[in-house]
Amino acid sequence: CVRRTLTLYLASGQSIHRIDCFSLLTFNGRFRAECLNQHWFLTLADACEKMEDWRRYYNEERPHGDIGNKVPISLINSGSATSSPP
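Residues numbered from 1 in each chain as written. Predicted model: local features only at pLDDT ≥ 70, side-chain atom pairs only at ≥ 80, totals over all residues. Heavy atoms only, no water.

Observations concerning the overall build of the protein chain
Piece 1. Per the secondary structure count, the protein chain includes three helices and two strands.
Piece 2. Mapped from its N terminus to its C terminus, the protein chain presents α and β elements in the order β-β-α-α-α.
Piece 3. The proportion of buried residues among the 86 residues of the protein chain is 15%.
Piece 4. In the protein chain, the proportion of contacts linking residues at least 24 apart, taken out of those at least 6 apart, comes to 15%. (Helix = DSSP H or I, 4+ residues; strand = E, 2+ residues; numbered from the N terminus. Buried < 20%, exposed > 50% of the residue type's maximum accessible area, 1.4 Å probe, protein only. Contact = heavy atoms within 4.5 Å.)

Right under this line is the structure:
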């Protein structure tokens, strides 16, 4: 199995993080299961609002096992990072 690294830019544009394809596929699966499959999107504005609500929940409230059951925003607020920029 070959692991490839992708560079993703955070929406804030403040930092760059590298993640592997497995992490990206895992995220896509969670996004589909926890957001896309849970909602009917009536308009583009409705879809944007519901996805933004989920993004905030995912980053600001939901604990992540890969980072010690912490909330991702707590890592940014504390000034620590799990990966270094390129």
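Thoughts on unusual backbone geometry
Piece 1. Positive phi is not limited to glycine here, since N69 has a value of about 55 degrees.
Piece 2. Looking at where N69 falls in the secondary structure, it is placed in the loop between α2 (44–60) and α3 (72–78).

Observations concerning the confidence of the model for the protein chain
Piece 1. Per-residue confidence for the protein chain gives a mean pLDDT of 75; residues scoring 70 or more make up 66%.
Piece 2. Looking at the elements of the protein chain, mean pLDDT is at its lowest for strand β1 (residues 5–9), recorded as 45, and at its highest for α2, recorded as 91.
Piece 3. Per-residue pLDDT stays below 50 along residues 5–14; that stretch engages in 19 contacts with residues further than four places along the chain or on separate chains. (pLDDT = per-residue confidence, 0-100.)

Here we look at the packing of aromatic side chains
Piece 1. What the rule picks out here adds up to five aromatic pairs.
Piece 2. Here a set of aromatic residues connected by ring pairs shows up, and it is made of F27, F31, W54 and Y58. (Phe/Tyr/Trp six-rings, centres within 6.5 Å; stacked < 30°, edge-to-face > 60°.)

Observations regarding the pattern of salt bridges
Piece 1. Evaluation of the coordinates by the stated rule reveals five salt bridges.
Piece 2. Residues E52 and R55 are paired through a salt bridge, measuring 2.6 Å at the closest nitrogen-oxygen approach. Of this pair, E52 and R55 both sit in helix α2, three residues apart, which is roughly one turn of that helix.
Piece 3. Its salt-bridge partner being E60, residue R56 comes within 3.5 Å of it at the nearest N-O pair. Of this pair, R56 and E60 both sit in helix α2, four residues apart, which is roughly one turn of the helix.
Piece 4. Since its relative accessible area comes to 34%, E60 is described here as partly exposed.
Piece 5. The network of salt bridges with common partners includes E52, R55, R56 and E60. (Salt bridge = Lys/Arg side-chain N within 4 Å of Asp/Glu carboxyl O.)

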